[in-house]
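# Structure at a glance
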Amino acid sequence: MRVLSLPLITEFTKGHACACYTARKQTRMRGEHLVAALHNERQRQYLGTQVGRYVENRSNTALVMASCMVSILFLFPLIAAMSAEEVPGCKIRITNRGLEMLKYETQKFVVEELSNITMPEMKGKEGHFQYTIKEVKINELNLTYADLAFQPGLGLLFKVQNSSIALSFQRHILYWLFYDTGAINASAEGVDIHTVLHTTRDELGRLKISNITCDASIAKMKIKFTGTLGRVYDFLATFLTTGMRFLLNQQICPVMNHAGLVLINTLLETIPVRTEVDNYVGIDYSLLSDPVVTSRSLDMDFRGMFFELGNESNTLVNSAINPIVREYDRMVYLALSEYFFDSGLYSYYKAGIFQMNIANEHMPKDLEMLLRTTYFGIIMMINPALVEYPISLQLELNSAPKTTVKTSGVTVAITAIVTVMVLPPGKAPVQLSSMTMEAKFNAKVSMKGKRLAVHADLRRFKIYSNQSALESLALIPLQVPLKTMLQISIVPIINNWTKRGVAIPLADGMDFIEEVVEYHNGYLIIGANLHFSKGLREMIERKIQADAENAI
């Protein structure tokens, strides 16, 4: 964001003041011409003085207004920038420890890619020798030193030093009337590869490798001839090694570029960005900005916002605090603000999920017995014809639930209207009572693989009548047994629904293990280690296969 300096503002103000002064001078001159047209000297002096004062006052007012406009114009970009800044609902930090585990998979992946190097056929003539070199194969790569590290401000650095590559290829050599064929074993030594993968956010908000900087070199190359005339051809080794070293060196960086820009980006496409959670809501994991890369970590800010599938534009405004991750001890950290949970509850509320009608076979027998033998049974006795009819319990939230995250844990508060109805067959339901229920749940957050799940436990429960204070007093004996019944019958239904969880923005084949949840005021942090259920090659091939099947 560009901020105007004080000298610039001063010059801008001076410019407005000069313009106002010029306008004042021109207006005053017009007044003087008008005065000159008058014959009476005293009237001319009096009118000139009044016109001068009037113009002076108007000019001063214009100068003040110009100054105010400068201040407003100066503050407006600041206000607009502050209002445009979006706070993430979800953050992920990958540390050096996580990168250390990824290094083995990356090294194996690079070896597989370099093993697929293909080299063009070499033909030439040296003196009386005519030769053809073809069928070049990479037999073995020995990466003596390979490292994967963060490159601050850019992305990831993959570095190979003092390594070697064993090759073999076929020779066809004609010397005078002699024709000879055979295998050639060669080795490239002192292989150095320096590759930087630039990580950015693409137009869809997805993590992407936008560019690769590659530099490769081979210190020396040795060739060993075999066959009847192998020793005779040794003098060709110097000539052939120069050409082979040049060709091999030219093939390394294109392979690394393809591995990063094509294959690794294919893997990154498995990270969910904007996807459906179930039949009711979806979630937006788009990046809000480019990843922040330091020497110790890669930090990503995600929107972390749920939305209703039936009305994707109706979302909750994020007014939560920005989660702060300070730890580096574990491989990965996931930070979730109150907004992450609130947006999910809001979306489900708008989708009409928080409406429940418990009746007939869905009514637990114990709950029905409780309703019939307490205050509601007394109401039914007023009209004995209603006693034998089924009872229904209707719950409907009158506002979206609210999540609170504190150092002691997570709580979810709800307020619902509870209506007790009698259901006469073939007739309209008869309302016995309407109550307001206020409940607070303890929510335990956990991770399984890469799915975030929540387990709820009813902590506080209160009901009171919407009709009269006297009825509220009659409901007091129902508080404890009704809370128990809800804990036994309703809460398990909720937990069975929430245990399915929601996927977090990790690539396919990567899972959380050994996770630890820490609660802070306004957000929580899950620290964990990473486990690869599949290798990089397998993950990429599965994604390519899935894309091919979807294209059919």
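Residues numbered from 1 in each chain as written. Predicted model: local features only at pLDDT ≥ 70, side-chain atom pairs only at ≥ 80, totals over all residues. Heavy atoms only, no water.

A few words now on helix α3 (residues 96-114). The terminal C-alpha atoms of α3 lie 25 Å apart, and with 19 residues this matches the ideal 27 Å at 1.5 Å per residue to within 8%. Maximum bend of α3: about 30°, positioned at Leu 102. Listed in full, the buried residues belonging to α3 are Gly 98, Leu 99, Lys 103, Glu 105, Thr 106, Phe 109, Val 110, Glu 113 and Leu 114. (Helix = DSSP H or I, 4+ residues; strand = E, 2+ residues; numbered from the N terminus. Expected span 1.5 Å × (residues − 1). Bend = angle between axes of the 7 residues up to and from the residue. Buried < 20%, exposed > 50% of the residue type's maximum accessible area, 1.4 Å probe, protein only.)

Attention shifts here to the sheet that holds strand β22 (residues 523-532). Strand order across the open sheet formed by 6 strands is β10-β11-β1-β13-β22-β21, with antiparallel pairing between neighbours. Since the sheet does not close on itself, it has two edges, and those belong to β10 (292-293) and β21 (510-520), each with one partner. Where β10 and strand β11 (residues 297-302) come together, 2 bridges link them in antiparallel fashion. Residue Val 293 lies in a different strand from β11, and its bridge partner there is Leu 298. Taken strand by strand, helix α5 (residues 338-350) contacts β13 (332-337) and β22, and its axis lies near 55° from that of β13. (Pairing = 2+ DSSP bridges. Contact = heavy atoms within 4.5 Å. Axes fitted to C-alpha atoms, helices over the stretch in contact; angles between N-to-C directions.)

Turning our eyes to something else, we now look at the environment of Tyr 131. Here Tyr 131 is to be found in strand β3 (residues 129-142). Sequence separation of Tyr 131 and His 172 is 41 residues, and the distance between their C-alpha atoms is 5.5 Å.

Extensive coverage of strand β1 (residues 90-95) is indicated by the burial of 6 of its 6 residues. Neither face of β1 is left uncovered, since the one carrying Cys 90, Ile 92 and Ile 94 and the one carrying Lys 91, Arg 93 and Thr 95 both have all their residues buried. When β1 meets β13, the two strands line up antiparallel, connected through 5 bridges. Residue Arg 93 lies in a different strand from β13, and its bridge partner there is Tyr 333. Where β1 and β11 come together, 6 bridges link them in antiparallel fashion.

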